[in-house]
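Chain by chain, the residues:
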Amino acid sequence: MREYLPVLMFLAVAIAFAAGTIGLSSIIVPRRSNARKMSAYECGVEPVGNARARFSVKFYLVAVLFILFDIEAVFLYPWAVTFRQLGLVGLIEMMVFIVILLIGYLYLLKKRALEWD
Amino acid sequence: MTEALFIGFAAMLVASSLLVILHRNPVASALFLVLAFCSLAGIYLLFHAEFIGMVQIIVYAGAIMVLFLFVIMYLNLQRDEEGGVHIALRRGLGWVAGTVVLAEGVFMLARRWAPGPLTPEVPGEAAGNTQQLGMLLFSRYLFPFEVTSLVLLVAIIGVVVIAKGRSTAGSGTRPAPGEDG
């Protein structure tokens, strides 16, 4: 349990910083709102219609590919901590794993699946 | 100390899980699911399963939740709509299934079929068991590990064939059913 103390301290500082800056800015900010201030300027036109439009399936493709390569990355963690004990054999094992997934990545590039056309 | 942390994480898990199913806004439900995953990761850490805890955050709270949010946006879900016979029927079925699972849990605990409190022994060194998991994964379970990459490869090719094959058929418009194989 003691080894989590640095993590806990990091977490406490992070929460304190976020809460402190947001809280402080909400306390000291002057609130003088008028109609012109609330209007959209320099960043596009007034919104038209519902924001909940149907999204393209291409977003989903990106999300699924993100999960797949995320799972690949997960297997790198136990490999990294045992790298010294495993030595060359571990390196070859991991290379086989990565090369198989590299074939998938090359397939993605070949099919232009990552391009937004 | 450990017990207090466990109770805290468990209470957070139960509360956020309840909010997942009770909140009217699907996006808020998905974000409460992130909180549920994070509290579950805390419980894994208490069990000294550091690797599982980190995977829980990296894969579930990170990647899978992105997918869930995209599904919510893709299906264009509005706020939960009440009424209708099939909604009531679905909700009733959910209550029945939930009650059965709850009764099963209570029954198991009452008959002491559930394993009960965890044994205090810690697998591996104090620093964690990721190292031991790695040693096993890359020696004894090498074949399943390598097969995993093939499964991921099949998934990569599958998602490209399904999503990309369709979007090139007509730009943006949905092809008629049966138009492409």
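Our subject is the structure listed above.
Basis of the calculations
- Residues numbered from 1 in each chain as written.
- Chains lettered and ligands numbered in written order.
- Predicted model: local features only at pLDDT ≥ 70, side-chain atom pairs only at ≥ 80, totals over all residues.
- Heavy atoms only, no water.
- 1 Å grid on protein atoms, 1.4 Å probe; cavity = no way out; pocket = protein on both sides within 12 Å on 5 of 7 lines; lining within 4 Å.
- Points joined across faces, edges and corners; volume = space filled by probe spheres on them.
- Helix = DSSP H or I, 4+ residues; strand = E, 2+ residues; numbered from the N terminus.
- Contact = heavy atoms within 4.5 Å.
- Salt bridge = Lys/Arg side-chain N within 4 Å of Asp/Glu carboxyl O.
- Polar contact = N/O pair within 3.5 Å; in protein donor to acceptor, adjacent residues only side chain to side chain.
- Nonpolar A, V, L, I, M, F, W, Y, C, P; charged D, E, K, R; others polar.
- Core = buried A, V, L, I, M, F, W, Y, C linked by side-chain atoms within 4.5 Å.
- Buried < 20%, exposed > 50% of the residue type's maximum accessible area, 1.4 Å probe, protein only.
- Domains from an automatic or database assignment.

A. Just empty space enclosed by the protein, in detail. Scanning the entire structure with this criterion turns up one cavity of 30 Å³ or more. One number sums up the size of the largest cavity: a volume of about 40 Å³. Elements with a minimum of two residues in the lining of the largest cavity: α3 (57-81) of chain A together with α3 (50-74) of chain B. When residues of the lining of the largest cavity are assigned to their parent elements, the largest contribution, three residues, is made by α3 of chain B.

B. Just the interface of chain A and chain B, in detail. Tallying the contact residues gives 47 residues for chain A and 45 residues for chain B. Our count for the contact surface shared by chain A and chain B stands at zero salt bridges. Between the two partners, chain A and chain B, sit two residue pairs in polar contact (both at pLDDT 80 or more). Of all the secondary structure elements, the ones that give two or more residues to the side of chain A that touches chain B are α3 and α4 (83-110) of chain A. Among the elements that line the side of chain A that touches chain B, the one with the most residues is α3 of chain A, at 20 residues. A per-class count over the side of chain A that touches chain B returns 32 nonpolar, five polar and 10 charged.

C. View of the nonpolar core. Leu65, Met94 and Phe97 of chain A together with Phe138 and Phe145 of chain B are the most contacted members of the largest nonpolar core, which totals 30 residues. Residue assignment for this core shows that the elements contributing at least two residues are α3 and α4 of chain A together with α3 and α6 (142-167) of chain B. Both domains that meet at this core, namely domain 1 (1-76) and domain 2 (128-170) of chain B, each give it at least three residues. The contact partners of Met94 of chain A, leaving out residues within four places of it in the chain, are Phe75, Leu76 and Trp79 of chain A together with Phe138 and Phe145 of chain B. Membership of the second largest hydrophobic core comes to 10 residues, among which are Ala30, Leu33, Phe37 and Ala61 of chain B.

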